[in-house]
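Residue-level structure breakdown
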Amino acid sequence: MNENKFKEESFEDLKINCKKCFGFCCVALYFSASDGFPNNKSAGKPCLNLQSNFSCSIHKDLRKKGLKGCTTYDCFGAGQKVAQITYAGYNWKENPELSDKMFDVFLIMRQLHEMLWYLKQALIIQTNENIKNRINNLITETEDITRSTPDYLMSLDIESHRDGVNALLRQTSEFIRTKILDGKKTNFKRKKTIAGRLDCIGADLKKINLKGADLRGSFLIAADLRGTDLSYADLIGADLRDADIRGANLKDSLFITQSQINSAKGDHSTRLPKPIVRPASWEDNTY
Ligand code: SF4
């Protein structure tokens, strides 16, 4: 099999597929109107726009109506896994006695699928065979867990599993960035932080060399990143809401997600890595 094709296919199950889901994110999650959702809603309560067939009545107009939160959310394919595999097609509406547990399982599954997304990215970029084998083993272990019963998923020590994943992701990031930088330093020296996370809110970073930079968990909200080269910059958990990435190169950025890209402002000249799809909102400027 062509290697690039393999890489793309390995992400297929981690992509959102609302048609095979029972609208879990529109019910299980708590959300607030101030975060770009339709209204303040408690967890477990269906959104008013969720239809009986589990589709959204305003799906085509979400951006126009200012409901950005709905368009940036990504379950990493956890919704369809819980609907079709864990609960074999049984839905929460016809089986209300299962609903609470189903929603809790969905929240656990989303975390596991998010870990798989990052681990699969790590597997592609890592060149150290020893770390690569450990990543492979953890992918297999995590995939096995996602196919287990609701009771097993509920009893899982997710924090400890996440710690193991994070350690490998960090090792991969450091290994790759050290290799790429090859002793050279970036001229990125920002020290300002919020709760231990780098504060780049609204910052003009256009002229900063960000190649290979450690931007893990940083606040890049509304930052100006136009035309920047973010190759091998670690963006895991970075908040890119309204960050201007028009003309930026993220093709080889580390640990980027569809949700981050959906929340940023890009255009046709923004370079994106393979599993990421260019958001439709970039075409018609409905950021
Ligand atoms: S507005 Fe639509 S996509 Fe957003 S939570 Fe409600 S049903 Fe889901």
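Attention in this report is confined to the structure presented alongside it. Just so we're clear, the structure is a prediction, and the values are computed from it rather than from any experiment.

1. So, the environment of G89
Position of G89 relative to the elements: it lies in the loop between α3 (78-86) and α4 (96-125). Look at G89 and you get partly exposed, because its relative accessible area is 36%. The spatial distance from the C-alpha of G89 to the C-alpha of F11 is 22 Å, given a sequence separation of 78 residues. Setting aside chain neighbours within four positions, we find G89 in contact with F22, A83 and Q84.

2. Considering empty space enclosed by the protein
For the structure shown, the criterion picks out one cavity of 30 Å³ or more. Approximately 30 Å³ is the volume found for the largest cavity. If you trace the largest cavity, you find it lined by L215, L220, L225, L230, L235, L240, I245 and L250. When the residues that make up the lining of the largest cavity are grouped by side-chain class, the tally is eight nonpolar, no polar and no charged.

3. With respect to the pattern of salt bridges
On inspection of all chains with the given rule, the structure shows 16 salt bridges. The salt bridge partner of R241 is D239, with a shortest N-O separation of 2.6 Å. Classification of D239 by relative accessible area gives buried; the value is 14%. Connected via shared salt-bridge partners are D204, K206, D224, R226, D244 and R246.

4. Concerning the site of the ligand
In the neighbourhood of the ligand, the contacting residues comprise C26, F31, P38, C47, N49, L50, C56, L62 and C70. The pocket occupied by the ligand, as judged from atoms lying within 2 Å of grid points, is the largest pocket. Taken together, the residues that form the shell around the ligand break down as eight nonpolar, one polar and no charged.

5. Some points on the environment of N17
Mapping N17 onto the fold places it in the loop between α1 (3-9) and α2 (68-72). Put simply, N17 and Q171 are 154 residues apart on the chain and 31 Å apart in space, counted from C-alpha to C-alpha.

6. A look at the nonpolar core
Counting 73 residues, the largest nonpolar core has F24, W92, L205, L215 and L220 as the members making the most contacts within it. Elements supplying a minimum of two residues to this core: α3, α4, α5 (129-146) and α7 (158-181). Examining the composition of this core, we find that 14 residues originate from one element, α4, more than from any other. Apart from the residues within four sequence positions on either side, F24 is in contact with L29, G79, V82, A83, W92, M102, F103 and F106.

7. Here we look at the side chain of H113
Structurally, H113 is set in helix α4. With relative accessibility at 1%, the residue H113 sits in the buried group. Within the local environment of H113, its side chain forms a polar contact with the side chain of K81, the two groups lying 3.1 Å apart. Setting aside anything within four residues of it in sequence, one finds H113 in contact with D13, L14, C75, F76, G77, A78, K81 and T146.

8. Details of the packing of aromatic side chains
Tallied over the entire structure, the rule returns nine aromatic pairs. By the ring-pair criterion, three or more aromatic residues cluster together here, those being F22, F24, F54, W92, F103 and F106. Over the aromatic face of F31 sits the side chain of K41, whose NZ or CZ is 4.9 Å from the ring centroid.

9. Topic: unusual backbone geometry
Here the phi dihedral of A222 falls at roughly 55 degrees; this positive angle occurs in a residue that is not glycine. By the element assignment, A222 lies in the loop between β2 (197-198) and α8 (258-263). Residue A222 is classed as partly exposed on the basis of its relative accessible area of 40%. Look at D242: it is not a glycine, yet its phi comes out positive at around 60 degrees. Along the chain, D242 turns up in the loop between β2 and α8.

10. Points about α4
The terminal C-alpha atoms of α4 lie 44 Å apart, and with 30 residues this matches the ideal 44 Å at 1.5 Å per residue to within 8%. The sharpest bend along α4 comes to roughly 25 degrees, located at M102.

The rules we used
Residues numbered from 1 in each chain as written. Predicted model: local features only at pLDDT ≥ 70, side-chain atom pairs only at ≥ 80, totals over all residues. Heavy atoms only, no water. Helix = DSSP H or I, 4+ residues; strand = E, 2+ residues; numbered from the N terminus. Buried < 20%, exposed > 50% of the residue type's maximum accessible area, 1.4 Å probe, protein only. Contact = heavy atoms within 4.5 Å. 1 Å grid on protein atoms, 1.4 Å probe; cavity = no way out; pocket = protein on both sides within 12 Å on 5 of 7 lines; lining within 4 Å. Points joined across faces, edges and corners; volume = space filled by probe spheres on them. Nonpolar A, V, L, I, M, F, W, Y, C, P; charged D, E, K, R; others polar. Salt bridge = Lys/Arg side-chain N within 4 Å of Asp/Glu carboxyl O. Near = heavy atom within 4 Å. Sits in = over half its atoms within 2 Å of the grid points. Core = buried A, V, L, I, M, F, W, Y, C linked by side-chain atoms within 4.5 Å. Polar contact = N/O pair within 3.5 Å; in protein donor to acceptor, adjacent residues only side chain to side chain. Phe/Tyr/Trp six-rings, centres within 6.5 Å; stacked < 30°, edge-to-face > 60°. Lys NZ or Arg CZ within 6 Å of the ring centre and 35° of its normal. Expected span 1.5 Å × (residues − 1). Bend = angle between axes of the 7 residues up to and from the residue.

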